[in-house]
There are 2 protein chains.
Amino acid sequence: MATPGPTQVPNEILMAGAKEVIHHRSPQMQTLIEEINQELPKWFRTQNDVYILLSSGTGAMEAAISNSLNIGDKAIVVSNGYFGERFVDICRIQGVEVVEIRTPWGTSASMESIAATYELHPDAKAILVVYSETSTGVKNDIQSIGQYFKDKDTLVIVDAISGLLSHALEMDEWGLDIVLAASHKGFMMPPGLAFVSVSAKAWNVIDRVKPRSYYFSFARYRKFYPMAPSSPGVSLLQALQVSLQLLNHEGYDACVRRHQGIAKAVGAALEALGFELFVQDPKVRSNTVTVAKAPGGMSAKMLLQILSNKFGLTVTGGQGELKDTGIRIGHVGAVDVIDIMGIFGAIEMSLSEMGYTFDRGSSLQAIQNSLAEESVYV
Amino acid sequence: MATPGPTQVPNEILMAGAKEVIHHRSPQMQTLIEEINQELPKWFRTQNDVYILLSSGTGAMEAAISNSLNIGDKAIVVSNGYFGERFVDICRIQGVEVVEIRTPWGTSASMESIAATYELHPDAKAILVVYSETSTGVKNDIQSIGQYFKDKDTLVIVDAISGLLSHALEMDEWGLDIVLAASHKGFMMPPGLAFVSVSAKAWNVIDRVKPRSYYFSFARYRKFYPMAPSSPGVSLLQALQVSLQLLNHEGYDACVRRHQGIAKAVGAALEALGFELFVQDPKVRSNTVTVAKAPGGMSAKMLLQILSNKFGLTVTGGQGELKDTGIRIGHVGAVDVIDIMGIFGAIEMSLSEMGYTFDRGSSLQAIQNSLAEESVYV
């Protein structure tokens, strides 16, 4: 599986999820959850607590909105992919007025346009932005956004679901107010848990917002912390404990550097095969997924089919305008250089079978050159 | 663990949950989810589809309310325990006006009082009732409630989270409109999935209610069915497949009969040791948990502590008025006669250690006599 999430789950994590289920109000759970709660904030680079929701990332997106914005409040949404659009959809269903900063897919919004929008709408209670857009492979500049809004009343709400652990993210230093993540991306786990960290600035707002969800109430999470307010995903928490151990073993910087090195190598490999990278500006390319357009005459669909049928390898197709011509290679979570070289070996063999002309080994050569430049794994 | 949920998880189910994670839009997922979706409605005794939410049971309770009731609508809530009270809390946070039918803990509301309340509030859009109250061990009469409201506009919303599979429940025949369940009770799974089935009568209402949740939107579940609208709990779905196979192997009637036989035996065993059953009327006793008051002079807390420390057995204490003097023995899910006899063996040994005077073996004798009467496992 080389998709932008779910990702491959290391065996140690799968096995930890198969341990005997313990009761969520037992001393064993207390020990487990205290270890997790102590470790988790490190990966958000924050002094705040991190709450663990039993939901997909979408649930956490809705939770951030319903906890921090009243019906009728105004929010700015940076939208340049499916997940930005999802923020817009959730705001609307939650009765929040949306000012959209929409840029074409494959691009990111400039800080100038964000500042200009804010100046037109200084009453915006929050700005919502997706760190890494899985649909397009674009990274949005949450560091500049955070720093711009740090001394303003507007909250910065970041969907870092695929972005956390694969890119640098400094919640406290950058002034991010609500940061969301999920288990099945950088944490290398099965889907099922979402993570939310809330700044003091955000709590000031949340405490004055009229609550409209019981299940997703951050106040309830705070009240029961470190335990869960209702039945938590026990097996997933047991898996999370091992995920955090593995992450600790690798370390924060190494984890981000690995993702960065692999993303760059994948881009180079695709270009070597004649693919065109969808995100033109290398500075806004995400480390979690590389989106590329197949060369003229090549059927991206057929390539994905051969990869799936012959090699049992799931690579996802393009979305939006690249629906028929694009591929999206995911490389978030438990992905290493060997995996990537294996995947491109399979891509080359599939292209040969399709009769496409290229230099055998050229993508693998590009990967090695790219890694050597970055001094990753060499 | 002998608690009213989470319950012991059979090894086959734990191992299924540790299988390699598959992509939620892959052909393998299509096959898995189609098998699950075909099997699941049988256990709700319904022709309706069953949607699988990634949340705890509390999330499903909120989903039922936010999908089927508008802000300002009136709902009748049958409340005789913590989960009835939770329905009230969620209604209030969701802006729904509540008419409470509150009866003392340990009792159930009579059909007469429910009918009388309805006659005073014929504008109630729904009646919400917990089938099996885990906090008190009371079973509410959802069959009579369903049949009473079947030809009225009021929807019958049932929290069958611990009640499903442990008691007869005939969704279609009894006229139940929204039935909720969760993975970590009768399905013998880790917590993490909730189940919702929706009647045609309920859909008529839901389609006219102004939606106010994206994550929990039943319309979204219907639209994406049989697939999930956002990342599903893949590992839990793999576990669910095996859970349904095990349930099929036992069969619907046998499963309910096992829970019934064990509940009766547990009650008899507790009485043999001098405990007083909290639910006086045997007809409204739940099959999932037995709540009892320790005999005068015995410390329930110490008993639970010895069970935990010496035998590694988690039994929960009483709630509400039985906080200090009560015990709650859970027997839902993968519990058999051998488990129950082992548990009572440990209880007897703990009581001996506490210096409590009783006839050794008397609870085990009572279990056997009770099972013989019921022709369960003899």
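If you're wondering where the values come from, they're calculated on a predicted model, not measured in any experiment.

**Details of the relation of the copies chain B and chain A**
Thought 1: Overlaying chain B on chain A yields an RMSD of 0.0 Å, the required transformation being a rotation through 180 degrees with an accompanying axial translation of 0.0 Å. What we have between these two chains is a two-fold relation.
Thought 2: Interface overlap between copies: 100% of the residues of chain B at the interface are likewise at the interface in chain A, consistent with a symmetric, same-surface contact.

**Structural notes on the packing of helix α13 (residues 337–353) of chain B against helix α14 (residues 362–374) of chain B**
Residues and elements named next belong to chain B.
Thought 1: Where α13 contacts α14, the axes come no closer than 8 Å and their chain directions differ by 155 degrees. Between α13 and α14, the angle is such that the two are roughly antiparallel. In the crossing of α13 with α14, the sense of the turn from one axis to the other is right-handed. Two secondary-structure elements touch here, α13 through Val337, Ile340, Met341, Phe344, Gly345 and Glu348 and α14 through Ser362, Ser363, Leu364, Ile367, Gln368 and Leu371.
Thought 2: Across the contact of α13 with α14, the residue classes break down as seven nonpolar, four polar and one charged.

**Looking at the sheet that holds strand β12 (residues 316–317) of chain B**
Residues and elements named next belong to chain B.
Thought 1: Spatial ordering of the open sheet is given by β10-β11-β13-β12, a layout of four strands whose pairing is antiparallel. If you trace the sheet from one side to the other, it starts and ends with β10 (276–277) and β12, each paired once.
Thought 2: Where β12 meets strand β13 (residues 326–330), two bridges bridge the pair, whose relative direction is antiparallel. Considered in β13, the bridge of threonine 316 is made with arginine 328.
Thought 3: Strands β10, β11 (289–293) and β13 of the sheet are contacted by helix α11 (residues 252–272), whose axis makes an angle of about 15 degrees with β11.

**Remarks on the sheet that holds strand β7 (residues 155–159) of chain B**
Residue and element names in this part refer to chain B.
Thought 1: One open sheet accounts for seven strands, arranged β1-β9-β8-β7-β4-β2-β3; its pairing is mixed. Looking along the sheet, the strands with just one partner apiece sit at the ends: β1 (50–54) and β3 (97–102). Averaged over all pairs of adjacent strands, the angle between their axes in this sheet comes to 20 degrees, without regard to strand direction.
Thought 2: With five bridges joining them, strand β8 (residues 178–182) and strand β9 (residues 193–198) adopt antiparallel strand pairing.

**Re the UniProt feature "domain: Aminotransferase class V" (unreviewed entry) in chain A**
Thought 1: When the UniProt feature table is mapped onto this chain, "domain: Aminotransferase class V" (unreviewed entry) is found at residues 19–319 of chain A.
Thought 2: Secondary structure within residues 19–319 of chain A divides into 43% helix and 17% strand; the distance between the first and last C-alpha atoms comes to 38 Å.

**Considering the domain arrangement of chain A**
All names here are of chain A.
Thought 1: In terms of domain boundaries, chain A breaks down into domain 1 (11–250) and domain 2 (252–374).
Thought 2: Measuring from the centre of the C-alpha atoms in domain 1 to the corresponding centre in domain 2 gives 28 Å.
Thought 3: Counting residues at the interface gives 26 residues for domain 1, matched by 23 residues for domain 2.
Thought 4: Summed over both sides, the interface between domain 1 and domain 2 buries roughly 2100 Å², with carbon and sulfur atoms accounting for 59% of that surface.
Thought 5: On the surface where domain 1 and domain 2 come into contact, there are one salt bridge.
Thought 6: With its nearest N and O atoms 2.6 Å apart, the salt bridge here joins arginine 258 to glutamate 250.
Thought 7: Every element with two or more residues in the side of domain 1 that touches domain 2 is listed here: β5 (132–133), β6 (138–139) and α10 (234–250).
Thought 8: Along the lines of polarity and charge, the residues of the side of domain 1 that touches domain 2 split into nine nonpolar, eleven polar and six charged.

**Points about the environment of A:Leu54**
Thought 1: Its location among the elements puts A:Leu54 in strand β1 (residues 50–54).
Thought 2: Through-space distance from the C-alpha of A:Leu54 to that of A:Tyr215 is 9.6 Å; in sequence the pair is 161 residues apart.

**Re the packing of helix α3 (residues 57–68) of chain A against helix α4 (residues 82–93) of chain A**
Residue and element names in this part refer to chain A.
Thought 1: Their axes nearest at 10 Å, the elements α3 and α4 cross at an angle of 50 degrees. Considering their axes alone, α3 and α4 lie oblique with respect to each other. α3 and α4 meet at a crossing whose hand is right-handed. Side by side, α3 and α4 meet where Thr58, Met61, Glu62 and Ile65 of the first sit next to Phe83, Arg86, Phe87, Ile90, Cys91 and Ile93 of the second.

**Structural notes on helix α5 (residues 111–120) of chain A**
All names here are of chain A.
Thought 1: Every buried residue of α5 is accounted for by Met111, Ile114, Ala115, Thr117 and Tyr118. Down the axis of α5, the buried set is contained in an arc of 160 degrees. They therefore lie on one face. Exposed residues on α5 whose side chains face more than 90 degrees from its buried face are Glu112, Glu119 and Leu120.
Thought 2: For α5, the elements touching its buried residues are β2 (74–79), β3 (97–102), β4 (126–130) and α6 (142–149).

**Considerations on the pattern of salt bridges**
Opposite charge on two side chains makes pairing possible when the charged atoms of those side chains draw close.
Thought 1: For the structure shown, the criterion picks out 24 salt bridges over all chains.
Thought 2: Residues A:Lys301 and A:Asp324 are paired through a salt bridge, measuring 3.5 Å at the closest nitrogen-oxygen approach. On the criterion of sequence distance, the pair formed by A:Lys301 in helix α12 (residues 300–311) and A:Asp324 in the loop between β12 (316–317) and β13 (326–330) is long-range, its members being 23 residues apart.
Thought 3: A residue is classified by how much of its surface remains accessible, and A:Lys301, at 47% relative accessible area, is partly exposed.
Thought 4: Linking B:Glu170 and B:Arg45 is a salt bridge whose minimum nitrogen-to-oxygen distance equals 3.1 Å. With a gap of 125 residues between them, B:Glu170 in the loop between β7 and α7 (171–174) and B:Arg45 in the loop between α2 (27–44) and β1 connect regions that are remote in the sequence.
Thought 5: Each member of the salt-bridge network shares a partner with another, and the members are A:Glu85, A:Glu100 and A:Arg102.

**Observations regarding the interface of chain B and chain A**
Thought 1: Every contact between the two is made by 47 residues of chain B and, on the other side, 47 residues of chain A.
Thought 2: Between chain B and chain A lies a buried interface of about 3700 Å² when both sides are counted; carbon and sulfur atoms form 66% of it.
Thought 3: Taken as a group, B:His23, B:Ile93 and B:Tyr214 account for 18% of the area that chain B buries against chain A, more than any other trio of residues on that side.
Thought 4: Counting across the interface, chain B meets chain A through zero salt bridges.
Thought 5: The tally of links between chain B and chain A comes to 16 residue pairs in polar contact (both at pLDDT 80 or more).
Thought 6: Looking at the side of chain B that touches chain A, the elements that each hand over two or more residues are α1 (11–16), α3 (57–68), α4 (82–93) and α10 (234–250) of chain B.
Thought 7: If one sorts the elements of the side of chain B that touches chain A by residue count, α4(B) sits on top with four residues.
Thought 8: Its residues assigned to classes, the side of chain B that touches chain A comprises 21 nonpolar, 19 polar and seven charged.

**Quick notes on the UniProt feature "binding site: substrate" (unreviewed entry) in chain A**
All names here are of chain A.
Thought 1: As recorded in UniProt, the feature "binding site: substrate" (unreviewed entry) lies at Arg328.
Thought 2: Along the polypeptide, arginine 328 turns up in strand β13.
Thought 3: Taking relative accessible area as the criterion, arginine 328 reaches 8% and is therefore assigned buried.
Thought 4: Excluding residues within four positions of it along the chain, arginine 328 makes contact with Ala2, Pro4, Thr134, Ser135, Val289, Thr290, Val291, Val315, Thr316, Gly317, Gly318 and Gln319.

Definitions and cut-offs
- Residues numbered from 1 in each chain as written.
- Chains lettered and ligands numbered in written order.
- Predicted model: local features only at pLDDT ≥ 70, side-chain atom pairs only at ≥ 80, totals over all residues.
- Heavy atoms only, no water.
- Least-squares fit on C-alpha atoms with pLDDT ≥ 70 in both.
- Contact = heavy atoms within 4.5 Å.
- Axes fitted to C-alpha atoms, helices over the stretch in contact; angles between N-to-C directions.
- Helix = DSSP H or I, 4+ residues; strand = E, 2+ residues; numbered from the N terminus.
- Parallel < 35°, antiparallel > 145°, perpendicular 65-115°, else oblique.
- Left-handed = near helix turned anticlockwise from the far one by under 90°.
- Nonpolar A, V, L, I, M, F, W, Y, C, P; charged D, E, K, R; others polar.
- Pairing = 2+ DSSP bridges.
- UniProt positions renumbered as here; feature names shortened; annotations may be inferred.
- Domains from an automatic or database assignment.
- Buried area = accessible area lost by both parts, 1.4 Å probe.
- Salt bridge = Lys/Arg side-chain N within 4 Å of Asp/Glu carboxyl O.
- Buried < 20%, exposed > 50% of the residue type's maximum accessible area, 1.4 Å probe, protein only.
- Arc of directions from axis to C-beta.
- Polar contact = N/O pair within 3.5 Å; in protein donor to acceptor, adjacent residues only side chain to side chain.

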